[in-house]
Amino acid sequence: MPAETTSPPGLGLTVDDDGGVRVELSGSWTVAAGGADLSEALRGVGRARAVVLDGSELQGWDSILVRAILVLRAEARERDVPFQLREIDPGAVRLADLAEAVPDDEEARRDRSDQGADVLTKIGLAAAEVRSNLRSTSGFVGELALSALRQLSGQGYYRGQDLLLMLRRTGVEALGITALVAFLLGLILAFIGAIQLAKFGATIFVADLVGVGMVRDMGALMTGIVMSGRSGAAFAAEIGSMKSTNEIDALETNGISPMDFLVLPRVIAITAMMPFLTVFADVVGVFGGGFVAWAMLDIQPTLYFQQTAGAVTLGHFFSGLVKGAVYGLLVGIAGCMRGLEAKENSLAVGAAATSAVVTAIVWIIAACGLFQWVSYVLGI
């Protein structure tokens, strides 16, 4: 670690005949000795064909040296110039590598930069971020639409077995959690209805409440939220992991579009399976409500299901199917988009999965509100 000396830091440049630059560090590169000016070294890196950072004359170091390594190495990497360290303390090298391995917390840095800013500045920054998100989302949706058109015209590429795998993962394997949530939701709706309707002696209408509520809205809504946490997060984590291991770059190098090969099968699969999961959730939810009606309200199952069949219409049924498909599309887009946007490190994979779930749930709730407004306007 650093020596006790506080001699001032020195920096010299030596240019070789082949265009290489050797940056020679000397003295004590410590906070106590004062910071060093790296501008001359940066200019040398910009003109060099190769850079060697030589620390053979160093007398001591601390974070000042680590910063110098990071700055010069980043400049060399940006200009695609080979960079080499020579006789630099391994401890300083390990600290620099660790600093590069851990990504910057952009949100924390943005929060610090926002401190002291006036309200209008913060509003402007928030509006700019919203605009950027809208542009990236619309661009992703456009690329997905073009990918679908290529597939329809026979010019796209994804393996049929991948689509079958995604259909199984987003369909059959999701039945368990869907059944559990739907059954509990039916119980909750029935309990709520029973408490209120018992005041008017109209407990039989619990069947109407559960049936219409599940088939028209709640079945699709809760299934979409469950799938956002299950499949949407999985899509983001899978694609984010592929990006961090450069598998996405490998696909593009081989002329394979990640949008065709990775995104389209996942979006098709979850969009296709969501209506079936919605119907399954509707049925299980109705049975959940029937259990409460039979166990607490002494309503016979035959009467309960007859009342449900009379209350639920084909309009309610097909409305739930359409909503389920739309929610599935939103979950697929959110998961795949956040996965492709992930940075190339392991920490970003978790962040992408979290962002995918939040984005999908927000989109689903917004779409549900839009559907309700349209239904009100049309009188459905």
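Residues numbered from 1 in each chain as written. Predicted model: local features only at pLDDT ≥ 70, side-chain atom pairs only at ≥ 80, totals over all residues. Heavy atoms only, no water.

Attention shifts here to the overall build of the chain. Looking only at helices and strands, one finds 13 helices and four strands in the chain. Within the chain, the fraction of its 380 residues that count as buried is 39%. In the chain, the share of contacts with a sequence separation of at least 24, taken over all contacts with a separation of at least 6, comes to 80%. Accessible surface for the chain amounts to roughly 20,100 Å². Of this, 62% is attributable to carbon and sulfur atoms. Averaged over its 28 positive side-chain charges, the chain has a centre that lies 6 Å from the centre of its 39 negative ones. (Helix = DSSP H or I, 4+ residues; strand = E, 2+ residues; numbered from the N terminus. Buried < 20%, exposed > 50% of the residue type's maximum accessible area, 1.4 Å probe, protein only. Contact = heavy atoms within 4.5 Å. Areas by Shrake-Rupley, 256 points an atom, 1.4 Å probe, with all protein chains shown as cover. Lys, Arg positive; Asp, Glu negative; His and termini not counted. Charge placed at Lys NZ, Arg CZ, Asp CG, Glu CD.)

Let's shift gears to the nonpolar core. Grouped together as the largest cluster of nonpolar side chains are 35 residues, with contacts concentrated most on F140, L144, V263, Y327 and C336. Listed by contribution, the elements that provide at least two residues to this core are helix 5 (119-152), helix 6 (160-170), helix 8 (206-244), helix 9 (247-253), helix 10 (258-296), helix 12 (314-341) and helix 13 (346-378). Dropping the residues within four chain positions of it, L144 is found in contact with M259, V263, L264, V267 and I333. Of all hydrophobic cores here, the second largest spans 22 residues; its members include V45, L65, L72 and I88. (Core = buried A, V, L, I, M, F, W, Y, C linked by side-chain atoms within 4.5 Å.)

Below, the discussion takes up the packing of helix 2 (residues 63-78) against helix 3 (residues 90-101). Two elements in contact, helix 2 and helix 3, have axes separated by 9 Å at closest approach and are oriented at 60°. By the angle between their axes, helix 2 is oblique relative to helix 3. Crossing of helix 2 over helix 3 shows right-handed handedness. Listed contacts from helix 3 to L65, V66, I69, L70, R73 and R77 of helix 2 are A92, L95, A96, D97, A99 and E100. Looking at the contact of helix 2 with helix 3 residue by residue, the class counts come to eight nonpolar, no polar and four charged. (Axes fitted to C-alpha atoms, helices over the stretch in contact; angles between N-to-C directions. Parallel < 35°, antiparallel > 145°, perpendicular 65-115°, else oblique. Left-handed = near helix turned anticlockwise from the far one by under 90°. Nonpolar A, V, L, I, M, F, W, Y, C, P; charged D, E, K, R; others polar.)

This part is about the sheet that holds strand 1 (residues 10-15). Across the sheet, four strands lie side by side as 1-2-3-4; this open sheet has mixed pairing. At either end of the open sheet lies a strand with only one pairing partner, and these are strand 1 and strand 4 (83-86). Across the sheet, the mean angle separating the axes of adjacent strands is 20° when strand polarity is ignored. Sheet analysis places strand 2 (residues 20-29) next to strand 3 (residues 50-61), joined by nine bridges and oriented parallel. Within strand 3, the residue paired with G27 across the bridge is L58. (Pairing = 2+ DSSP bridges.)

Take the packing of helix 7 (residues 175-197) against helix 10 next. Between helix 7 and helix 10, whose axes approach to 7 Å, the crossing angle comes to 40°. Between helix 7 and helix 10, the interaxial angle falls into the category oblique. For the crossing formed where helix 7 meets helix 10, the hand is right-handed. Contact with helix 7, carried on its side by L175, T178, A179, A182, F183, G186, L187, A190 and F191, involves L277, F280, A281, V284, G285, F287, G288, G289, F291, V292 and M296 of helix 10 and no other residues of that element.

The topology assignment puts T278 in helix 10. Accessibility expressed as a relative area gives 0% for T278, which makes it buried. A distance of 2.7 Å separates the side chain of T278 from the backbone oxygen of M274, its partner in a polar contact. Other than its neighbours up to four places away in sequence, T278 contacts G219, A220, T223, G320 and G324. (Polar contact = N/O pair within 3.5 Å; in protein donor to acceptor, adjacent residues only side chain to side chain.)

This paragraph deals with the environment of G186. In this structure, G186 sits in helix 7. The sequence separation of G186 and V283 amounts to 97 residues, and the corresponding C-alpha distance is 9.5 Å. Ignoring sequence-local partners within four residues, the contact set of G186 consists of V210, M214, G285, G288 and G289.

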